[in-house]
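Structural description and commentary
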Amino acid sequence: MRSRQRMFAAVMRLLLKCLRLGRRRRFKLVRQVEQLWRYGQLCLHSLLYNSFTNGDVVLDSLFEPIYWLVDHVTRWFGVVFVALVIGLTSSIVAIVYICLLPLILQTYTPAWICWHLAYGHWNLIMIVFHYYMAITTSPGHPPQAKEDLTGVSICRKCIAPKPARTHHCSICNRCVLKMDHHCPWLNNCVGHYNHRYFFSFCLFMTMGCIYCTISSWEMFRDAYAAIETYYQTPPPTFSFRQRAFHKSVVYLWVLCSSVALALGALTLWHAALITRGETSIERHINKKERQRLQKKGKALAHPRPAALSSPAPRDGPELGPAALRDQAAHPTPGHMRPRCCRRASLQAGEHTGDPLRHRPPLLALVGGRCRYASLTRARASAWMPALGSLGAAGSPGGTQQSCSCSLL
């Protein structure tokens with residue numbers, strides 16, 4: 001009896017030991033998996049961590065393959081888009097000459113006939129001329145000479161000087177002066193030298209589409225009503241020429257009205273940008289910069305044009321030839337470049353944000369030339385003695401002034 005009890009106790013102890021060993025192994029395996037998971041997270045964070053990463057950066061990274069595909073497709077399909085514009089415009093002109101012009105000559109008075117002929121042909125000439133100039137005119141490219149130019153940044157893709165308001169076009173694979181956007185309907189970039197031709201083309205094309213839409217409204221109603229009767233029983237007796245006329249008038253009105261709405265909105269958008277002195281890219285950059293500075297409680301300063309700005313105070317420092325050359329080299333107001341400055345008093349406490357964070361917040365007036373400054377009211381008092389001495393070296397009286405610079 002005792003031997004059985006001893007055997008049973010030994011078996012139970014052995015079973016308990018096995019269970020404990022299994023638990024230890026199980027816990028050890030779980031700990032190893034947890035350590036591997038934490039080590040993998042640490043490696044991932046060490047490889048991918050970036051203090052500037054936000055939602056926009058992640059979204060741009062995810063859409064990078066789509067951007068690459070769009071760039072290459074747009075590059076190859078630019079000729080197709082240009083041919084499409086020429087084909088659609090030619091079809092509208094042909095319909096006007098074949099279908100609408102005979103009716104105008106038969107039904108309108110001589111005064112209206114002269115007005116339609118004069119305005120229609122003038123508008124057509126303006127459209128053809130500005131479209132041809134927008135396609136063939138180069139938007140402007142910076143010089144490729146790799147010289148050590150002060151105040152000019154370097155394009156990371158071209159490895160060449162990148163002047164103010166210049167952006168790199170990934171489709172043309174070149175930097176473009178005062179780039180607005182790459183237009184696939186032109187197969188060309190819209191930049192410094194062809195922006196006016198692009199805007200004029202949009203304006204005259206919108207005017208021509210509105211003119212055709214209004215002029216053919218009554219014909220469109222009659223043609224649409226006639227097309228609705230095609231499927232009646234018995235069907236009406238329309239000849240092939242009449243049916244082609246009805247469908248051509250409907251096609252003309254629908255296409256012209258659609259283009260007038262879409263292109264009219266684009267023309268108004270660019271007109272608003274022109275009044276602000278900005279391009280489409282600069283508008284986007286300025287909006288992002290304005291939002292960034294609003295989070296910090298700062299405001300983005302827009303310099304006013306010289307004709308609208310108030311005259312400089314008489315007791316201010318006189319501008320020398322070097323400063324005049326700087327003013328002549330300044331870009332147009334409204335864009336965001338650190339070299340466009342206007343005067344403001346330090347006592348007003350105006351703050352300016354700087355996206356180029358490596359630039360120090362320093363103010364210096366030497367010989368009437370201003371450098372970028374972003375002084376807070378607390379620092380202004382500490383810098384006043386140094387500013388007074390610098391102002392005395394550059395101008396009589398040593399007036400203490402600051403500049404408020406717009407940024408890009």
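About the cut-offs
Residues numbered from 1 in each chain as written. Predicted model: local features only at pLDDT ≥ 70, side-chain atom pairs only at ≥ 80, totals over all residues. Heavy atoms only, no water. Helix = DSSP H or I, 4+ residues; strand = E, 2+ residues; numbered from the N terminus. Buried < 20%, exposed > 50% of the residue type's maximum accessible area, 1.4 Å probe, protein only. Contact = heavy atoms within 4.5 Å. Pairing = 2+ DSSP bridges. Patch = residues over 30% accessible without salt bridge, like charges linked within 9 Å, V, L, I, M, F, W, Y side chains within 5 Å. Areas by Shrake-Rupley, 256 points an atom, 1.4 Å probe, with all protein chains shown as cover. Salt bridge = Lys/Arg side-chain N within 4 Å of Asp/Glu carboxyl O. Polar contact = N/O pair within 3.5 Å; in protein donor to acceptor, adjacent residues only side chain to side chain. Phe/Tyr/Trp six-rings, centres within 6.5 Å; stacked < 30°, edge-to-face > 60°. Axes fitted to C-alpha atoms, helices over the stretch in contact; angles between N-to-C directions. Parallel < 35°, antiparallel > 145°, perpendicular 65-115°, else oblique. Nonpolar A, V, L, I, M, F, W, Y, C, P; charged D, E, K, R; others polar. Core = buried A, V, L, I, M, F, W, Y, C linked by side-chain atoms within 4.5 Å. Expected span 1.5 Å × (residues − 1).

Digging into the overall build of the chain
A count of helical and extended segments in the chain gives 10 helices and 10 strands. Looking at the chain as a whole, 32% of its 408 residues are labelled buried. For the chain, contacts bridging at least 24 residues in sequence account for 67% of all contacts bridging at least 6.

Some remarks on the pairing of strand S4 (residues 174–177)
With 4 bridges connecting them, strand S3 (residues 166–169) and S4 associate as antiparallel partners. Considered in S4, the bridge of His-168 is made with Cys-175. Joining the antiparallel neighbours S3 and S4 is a turn of 4 residues, in which Asn-173 adopts a positive phi near 60 degrees.

Quick word on unusual backbone geometry
Backbone geometry at Arg-165 places phi at a positive 65 degrees, although glycine is not the residue there. On the secondary structure map, Arg-165 appears in the loop between strand S2 (161–162) and S3. One non-glycine residue, Lys-178, lies in positive phi territory at about 50 degrees. Mapping Lys-178 onto the fold places it in the loop between S4 and strand S5 (181–183). Its relative accessible area of 27% is what places Lys-178 among the partly exposed residues.

What to know about a nonpolar patch on the surface
There is a patch of nonpolar side chains on the surface, built from Val-58, Leu-59, Leu-62, Phe-63, Ile-66, Tyr-67 and Val-70 and spanning about 630 Å² of accessible area. Elements supplying a minimum of two residues to the nonpolar patch: helix H2 (55–62) and helix H3 (64–107). Position of Val-70 among the secondary structure elements: in helix H3. Classification of Val-70 as partly exposed rests on a relative accessible area of 44%.

With respect to the side chain of Arg-165
Residue Arg-165 is classed as buried on the basis of its relative accessible area of 5%. There is a polar contact of 3.1 Å between the side chain of Arg-165 and the backbone oxygen of Gly-277.

Observations regarding the packing of aromatic side chains
Counted according to the given criterion, the structure contains 14 aromatic pairs. An aromatic cluster is defined as three or more aromatic residues linked by ring pairs; in this entry it consists of Trp-112, Trp-115, Tyr-119, Trp-122, Phe-204 and Tyr-211.

Here's the deal with the packing of H3 against helix H4 (residues 110–136)
Interaxial distance between H3 and H4 falls to 13 Å at its minimum, and their mutual angle equals 170 degrees. Comparing their axes, H4 and H3 come out roughly antiparallel. Contacts between H3 and H4 involve Val-82, Val-85, Ile-86, Val-93, Tyr-97, Leu-101, Ile-104 and Leu-105 on the former and, on the latter, Ile-113, His-116, Leu-117, His-121, Leu-124, Tyr-131 and Ile-135. The class makeup of the residues in the contact of H3 with H4 is 13 nonpolar, 2 polar and no charged.

Here's the deal with the side chain of His-130
Among the secondary structure elements, His-130 is positioned in helix H4. Residues in contact with His-130, not counting those within four places in the same chain, are Tyr-197, Ser-200, Phe-201 and Phe-204.

Some words on the nonpolar core
Core analysis: the biggest nonpolar cluster contains 34 residues, and Leu-186 and Leu-252 have the highest contact counts within it. For this core, the secondary structure elements donating two or more residues are H3, H4, helix H5 (195–215), helix H6 (217–228) and helix H7 (240–276). With 9 residues, the top contributor of residues to this core is H5. Sequence-distant contacts of Leu-252, defined by excluding residues within four places in its chain, comprise Ile-92, Ile-95, Val-96, Leu-100, Cys-212 and Ser-216.

Looking at H5
Taking 1.5 Å of rise per residue, 21 residues should cover 30 Å, and H5 covers 30 Å from first to last C-alpha, within 8% of that figure. Across the 21 residues of H5, 15 count as buried, placing the element largely inside the fold.

Quick word on the pattern of salt bridges
Tallied over the entire structure, the rule returns 4 salt bridges. The shortest N-O distance in the salt bridge between Arg-165 and Glu-282 comes to 2.7 Å. On the criterion of sequence distance, the pair formed by Arg-165 in the loop between S2 and S3 and Glu-282 in helix H8 (residues 280–295) is long-range, its members being 117 residues apart. The class of Glu-282 is buried, set by a relative accessible area of 1%. One salt bridge in this structure joins Arg-292 and Glu-289, with 2.4 Å as the shortest N-O distance. Residue Arg-292 and its partner Glu-289 are both found in helix H8; the two are separated by 3 residues, about one turn of the helix. Classification of Arg-292 as buried rests on a relative accessible area of 19%. Among the residues examined, Glu-289 registers a relative accessible area of 9% and is labelled buried.

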